[in-house]
Amino acid sequence: MNLPAATATTADAVSTLLDADRLSELLDQPVRADRLRIKPNVSVLVSLTERSTGLTSGWARLLWPVSHSKAAQAERLAASLGLDQAPVTRGADGDLLLQSGPVHTDPKLAEPMAGAARQGVLGPWKAGDVLRYNPSRRLVLRDGSTVLRMRAQAGSPADDVHRALSEFLPVPRLLDSAAVARCEGHVSLQQRCGDTNVAELFEESAAEHAISEVATESAADATRRVGALLAELHSCAEALKPDLVNRLPHRHPDPRDLAEVHARQFDVLDPELARRVRAVGDILPSQLSGEPTLTHGDASPDQVLYERSSGRIWLTDFDRVRLAPAVTDLGSYLAVAPASQGRALLEGYAEHRPAPGAEQLGVAVAHSRLARLADPLRRADPSWHERIGVELAAIESIARSPEKKTAWA
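### What to know about unusual backbone geometry
Phi angles above zero are rare outside glycine, and Ser 136 is one such case at about 65°. Its place among the elements puts Ser 136 in the loop between β6 (130–134) and β7 (138–143). A positive phi angle, close to 60°, is found at Ala 380, a residue other than glycine.

Structure (structure tokens):
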């Protein structure tokens with residue numbers, strides 16, 4: 001099986017890595033891509049999942065000549081850290097390189113992981129412990145009664161906000177220690193809470209609906225409490241110390257900026273798709289209505305942990321926390337939650353704070369769906385093109401008439 005020649009397009013490289021059979025043959029192991037990152041005509045990076053077990057097994061990337069030096073850098077890094085394995089680099093047709101390795105050799109996460117191991121924060125782990133792996137960005141591991149998060153980039157205020165909010169809201173407790181502090185912001189350790197999340201609760205509800213109303217009512221009740229929890233979060237800004245508030249991003253991304261980020265990738269994959277994305281970014285209102293307050297920044301059902309036995313919930317993952325209008329979080333949640341749960345979310349919210357109107361919510365939903373537009377591609381879905389086309393059409397419809405988005409009104 002031949003890879004695209006050196007002059008191949010980024011689209012050819014993406015197609016190669018998203019074809020599980022081709023990828024498995026190239027790497028001589030039965031894998032599929034799970035998460036994908038594109039730098040057009042520079043590199044395409046994917047996380048790898050074993051096809052038989054669904055467990056995370058490592059990473060791979062195609063490198064254009066302009067980035068060949070990165071392959072040698074990754075090999076030198078593994079050697080300098082004394083890792084028991086090193087990335088494997090193979091020549092591809094023409095001047096392309098294919099490099100791959102296990103998770104602990106990840107080009108951006110290898111050093112934080114090695115540092116965490118030296119400090120005794122990261123012990124032995126196996127593939128079944130991986131909760132989330134976004135190559136060269138983040139690794140989340142289950143470790144007994146705790147959850148260990150490793151970030152390639154340090155300096156985020158997320159942990160400080162998380163720590164401050166623990167005095168007011170149900171959030172997993174951060175387990176601070178001198179060893180964690182010596183990891184210099186790359187690592188956080190938190191209490192493991194719940195046994196699922198609200199997104200999975202929705203899936204269970206849908207699967208059981210034909211034979212039971214219990215799961216459906218559990219999902220609705222949990223969603224009402226999520227609405228109340230978001231309202232409480234939106235009232236916490238004044239409780240944070242001013243120096244922490246000043247470190248937060250102070251606005252929601254402009255839809256034109258969101259559209260441009262996507263369009264630059266689509267330019268080399270499908271120019272017509274790129275044109276449509278830029279067009280919808282131009283017609284969406286640039287700002288959401290409402291005074292800025294403390295927002296989660298990525299509110300969604302999978303960011304709310306759930307305990308089946310008690311029905312308790314915890315809000316987690318504050319990596320995108322910011323000051324923005326409250327409708328930002330509501331739109332973010334409604335954009336991905338089942339439409340049947342939207343009313344419950346707003347009912348729970350309205351018990352504590354006034355809920356925005358239908359048009360405000362419609363615009364916020366459109367903003368959120370635009371921000372997530374490339375998710376099928378990022379998640380290495382071979383049918384990404386069709387799914388993004390359908391989603392883009394829905395965003396275009398909302399952008400033209402946001403007040404008609406009334407399934408949750």
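Picking up where we left off.
### A few points about the pairing of strand β3 (residues 56–63)
Where burial is concerned, most of β3 is hidden: seven out of the eight residues are buried. Pairing of strand β2 (residues 43–50) with β3, which is carried by seven bridges, proceeds in the antiparallel orientation. Paired with Thr 49 across the bridge in β3 is Thr 56. Following β2, the chain reverses through five residues before pairing antiparallel with β3; Gly 54 in that reversal takes a positive phi of roughly 75°. For β3 and strand β5 (residues 97–101), the ladder comprises five bridges, and the chain directions are antiparallel. Across the sheet, the residue bridging to Arg 61 is Gln 99, located in β5.

### What about the nonpolar core?
Most often, soluble globular proteins keep nonpolar side chains buried together rather than apart. Grouped together as the largest cluster of nonpolar side chains are 86 residues, with contacts concentrated most on Val 14, Leu 36, Phe 266, Leu 370, Leu 377 and Trp 384. Considering each element in turn, this core owes the most residues, seven residues, to helix α8 (residues 214–233). When sequence neighbours within four positions are dropped, the list of residues in contact with Leu 377 reads Val 14, Leu 36, Ile 38, Gln 265, Phe 266, Leu 269, Trp 384 and Ile 388. Core analysis: the next-biggest nonpolar cluster, separate from the first, contains 20 residues, Val 103, Leu 122, Leu 141 and Cys 183 among them.

### Comments concerning the packing of helix α10 (residues 255–266) against helix α11 (residues 271–283)
Put simply, α10 and α11 touch, their axes get as near as 8 Å, and they point 175° apart. Comparing the axis directions of α10 and α11 gives the class roughly antiparallel. Within the contact between the two elements, α10 uses Pro 255, Arg 256, Ala 259, Glu 260, His 262, Ala 263, Arg 264 and Phe 266 and α11 uses Pro 271, Leu 273, Ala 274, Val 277, Arg 278, Gly 281 and Asp 282. Its residues assigned to classes, the contact of α10 with α11 shows eight nonpolar, two polar and five charged.

### A closer look at the side chain of Ser 43
For Ser 43, the location among the structural elements is in strand β2. In this structure Ser 43 touches Arg 37, Ile 38, Leu 62, Leu 63, Trp 64 and Ser 67, once residues within four positions along its chain are discounted.

### Focus: the environment of Leu 141
In this structure, Leu 141 sits in strand β7. By relative accessible area, which is 2% here, Leu 141 ends up buried. Separated by 13 residues in the primary sequence, Leu 141 and Gly 128 have C-alpha atoms spaced 8.9 Å apart. Filtering out sequence-adjacent residues up to four positions away, Leu 141 remains in contact with Leu 122, Trp 125, Asp 129, Val 130, Leu 131, Thr 146, Val 147, Leu 148 and Met 150.

### What to know about the packing of aromatic side chains
Going through the model one piece at a time under the given rule, you end up with one aromatic pair. Ring geometry for Phe 266 against Trp 384: centres 6.4 Å apart, planes inclined by 5°, an arrangement best described as stacked. Placement of the pair is Phe 266 in helix α10 and Trp 384 in helix α16 (residues 384–400), with a sequence separation of 118 residues. As far as the burial class goes, Phe 266 and Trp 384 line up, both buried.

### What about the sheet that holds β5?
Pairing within the open sheet is antiparallel, and its five strands lie in the order β1-β2-β3-β5-β4. The outermost strands of the open sheet, each flanked by one partner alone, are β1 (31–39) and β4 (88–91). On average, each strand axis in the sheet is inclined to that of its neighbour by 20°, with strand direction left out of account. Here helix α3 (residues 68–80) sits on the sheet in contact with β3, β4 and β5, set at roughly 25° to β5.

### A closer look at a positive patch on the surface
A grouping of Lys 39, Lys 70, Lys 108 and Arg 137 is seen on the molecular surface, where their side chains present a positively charged patch. Among the secondary structure elements, Lys 39 is positioned in strand β1. The class of Lys 39 is partly exposed, set by a relative accessible area of 41%.

### Focus: the packing of helix α12 (residues 327–336) against helix α14 (residues 358–371)
How two helices sit against one another is set out by the angle between their axes and by the gap between those axes. Two elements in contact, α12 and α14, have axes whose closest approach is 7 Å; the angle formed by their N-to-C orientations is 65°. With respect to α14, the axis of α12 lies roughly perpendicular. Read as a crossing pair, α12 and α14 show a hand that is right-handed. Every residue of α14 that contacts α12 at Val 327, Leu 330, Gly 331, Ser 332, Leu 334 and Ala 335 is listed here: Gln 360, Leu 361, Ala 364, Val 365, Ser 368 and Arg 369. Here the contact of α12 with α14 is built from residues that sort into seven nonpolar, four polar and one charged.

Calculation notes
Residues numbered from 1 in each chain as written. Predicted model: local features only at pLDDT ≥ 70, side-chain atom pairs only at ≥ 80, totals over all residues. Heavy atoms only, no water. Helix = DSSP H or I, 4+ residues; strand = E, 2+ residues; numbered from the N terminus. Buried < 20%, exposed > 50% of the residue type's maximum accessible area, 1.4 Å probe, protein only. Pairing = 2+ DSSP bridges. Core = buried A, V, L, I, M, F, W, Y, C linked by side-chain atoms within 4.5 Å. Contact = heavy atoms within 4.5 Å. Axes fitted to C-alpha atoms, helices over the stretch in contact; angles between N-to-C directions. Parallel < 35°, antiparallel > 145°, perpendicular 65-115°, else oblique. Nonpolar A, V, L, I, M, F, W, Y, C, P; charged D, E, K, R; others polar. Phe/Tyr/Trp six-rings, centres within 6.5 Å; stacked < 30°, edge-to-face > 60°. Patch = residues over 30% accessible without salt bridge, like charges linked within 9 Å, V, L, I, M, F, W, Y side chains within 5 Å. Areas by Shrake-Rupley, 256 points an atom, 1.4 Å probe, with all protein chains shown as cover. Salt bridge = Lys/Arg side-chain N within 4 Å of Asp/Glu carboxyl O. Lys, Arg positive; Asp, Glu negative; His and termini not counted. Charge placed at Lys NZ, Arg CZ, Asp CG, Glu CD. Left-handed = near helix turned anticlockwise from the far one by under 90°.

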